[in-house]
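# Geometric and topological summary
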Amino acid sequence: MTAPNPSRRNFLRGKFAETDAAILRPPGATAFFDQKCTECGKCSDACPENIIVIGNDRRPVVNFEIGACTFCSACADICPTEALDPARVPDWDWKAEVGDSCLSHQGITCRACEDVCEPRAIRFRLSTGGKSHPVFDISQCTGCGECAYSCPARAISFAKME
C-alpha cells in the first residue's frame, strides 16, 4: 500500500495516494488501483488482445510491444475488486510521444506509425535536409498503442496527460 501524499494540489485533484505515474495500468484503472488490485490476474486473462501482462510489481500493466488496445473493457468488466472501472475506460489519459530513436529523426524514411494511426493523430512535417519528423496531435490521440506496436525502432512511448 502506498503512503498518503500530503500535497495540497493532489488532495484538491482527488489524488489521495501517491501512484507511480510511469506505470501503464489497464484502461479503467481507478485512482486507488494499487490499493484495490489483489493481483488476481483476471484482467490479463480476459484481454482479447493479450496486451495486459503481469508487471514487476505483480500487478497488471499494458504492453504495447505485443499489440494495441481496442478499449473493449473486458479487463475492467471482469475485475472483482473495482480496481478497474468500466465507466473509466473511455477516459484513458495516456498519449503517445516519440523519442530520439525514431528512424525519421535519423534521416531514414519511415512512416509506419502514421500509416496505422486510425484517428490520424500523427503527421509528418518536412524539415531542412529532406528529413521529416512525426508530429503528434494529442487531441486526436486515443492512446491505443497501435503506433507503438508498429514502430520498428520502438521509439514511441506513452505519457499520462492530466
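Conventions and cut-offs
Residues numbered from 1 in each chain as written. Predicted model: local features only at pLDDT ≥ 70, side-chain atom pairs only at ≥ 80, totals over all residues. Heavy atoms only, no water. Helix = DSSP H or I, 4+ residues; strand = E, 2+ residues; numbered from the N terminus. Buried < 20%, exposed > 50% of the residue type's maximum accessible area, 1.4 Å probe, protein only. Areas by Shrake-Rupley, 256 points an atom, 1.4 Å probe, with all protein chains shown as cover. Core = buried A, V, L, I, M, F, W, Y, C linked by side-chain atoms within 4.5 Å. Contact = heavy atoms within 4.5 Å. Phe/Tyr/Trp six-rings, centres within 6.5 Å; stacked < 30°, edge-to-face > 60°. Polar contact = N/O pair within 3.5 Å; in protein donor to acceptor, adjacent residues only side chain to side chain. pLDDT = per-residue confidence, 0-100. Salt bridge = Lys/Arg side-chain N within 4 Å of Asp/Glu carboxyl O.

Attention now goes to the overall build of the protein. Counting secondary structure elements, the protein contains six helices and six strands. Taken from the N to the C terminus, the helices and strands of the protein come in the order α-α-α-β-β-α-β-α-β-β-α-β. Counting across all 162 residues of the protein, residues that qualify as buried make up 38%. On the protein, roughly 9,400 Å² of surface is accessible, and the fraction owed to carbon and sulfur atoms is 50%.

We now examine the nonpolar core. Grouped together as the largest cluster of nonpolar side chains are 34 residues, with contacts concentrated most on Phe64, Leu84, Ile156 and Phe158. Mapped by element, the contributors of at least two residues to this core are α4 (74-78), β3 (94-98), β4 (122-126), α6 (146-150) and β6 (156-160). Beyond its immediate stretch of four places on either side in the chain, Leu84 contacts Pro26, Pro27, Gly28, Ala29, Phe33, Cys43, Cys75, Ala76 and Cys79.

Moving on, we get to the packing of aromatic side chains. Considering all chains together, one arrives at two aromatic pairs under this definition. Between the aromatic rings of Phe64 and Phe158, the centroid separation amounts to 4.8 Å while the plane-to-plane angle is 50°, which identifies the pairing as tilted. Pair noted here: Phe64 is in the loop between β2 (60-62) and α4 and Phe158 is in strand β6, with a separation of 94 residues, a long-range link. For Phe158, a relative accessible area of 15% corresponds to the buried category.

Along the chain, Ser132 turns up in strand β5 (residues 132-136). When its relative accessible area of 12% is taken as the criterion, Ser132 is described as buried. Polar contacts involving the side chain of Ser132 include one to the side chain of Arg111, which spans 3.4 Å. Ignoring any residue separated from it by four or fewer positions in sequence, one finds Ser132 in contact with Ser104, Arg111, Phe124, Arg125, Leu126 and Ser127.

The next thing to look at is the environment of Ile51. Relative to the helices and strands, Ile51 resides in the loop between α3 (42-46) and β1 (52-54). The exposure class assigned to Ile51 is buried, which follows from its relative accessible area of 2%. Separated by 15 residues in the primary sequence, Ile51 and Ile66 have C-alpha atoms spaced 5.7 Å apart. Apart from residues no more than four positions distant in its own chain, Ile51 is found in contact with Val61, Val62, Asn63, Phe64, Ile66, Gly67, Ala68 and Cys69.

Once that is clear, we can look at unusual backbone geometry. A positive phi is found at Ser73, a non-glycine position, where the angle reads about 70°. Topologically, Ser73 is positioned in the loop between β2 and α4. Overall, the relative accessible area of 15% leaves Ser73 in the buried class.

Predicted confidence across the protein gives a mean pLDDT of 88, with 87% of residues reaching 70 or more. Across residues 1-7, confidence stays below pLDDT 50; counting only partners more than four residues off in sequence or on other chains, it has 12 contacts.

Time to look at the side chain of Ser104. Counting through the fold element by element, Ser104 comes out in the loop between β3 and α5 (112-116). We classify Ser104 as buried; its relative accessible area is 4%. A polar contact is formed between the side chain of Ser104 and the backbone oxygen of Cys110, at a distance of 3.0 Å. When residues no more than four places from it in sequence are discounted, the contact partners of Ser104 are Cys110, Phe124, Lys131, Ser132, His133 and Pro134.

Our next topic: the pattern of salt bridges. Should their charged atoms come close, side chains of opposite charge can pair. In the structure shown here, the tally under the stated rule is five salt bridges. The residue Asp34 makes a salt bridge to Arg25 at a minimum N-O spacing of 3.3 Å. When the shortest N-O distance is used, the salt bridge between Glu39 and Arg58 registers 3.1 Å. With a gap of 19 residues between them, Glu39 in the loop between α2 (33-36) and α3 and Arg58 in the loop between β1 and β2 connect regions that are remote in the sequence. Under the relative-accessibility criterion, Arg58 is labelled exposed at 55%. A single salt-bridge network, built from bridges that share partners, covers Arg25, Asp34 and Asp57.

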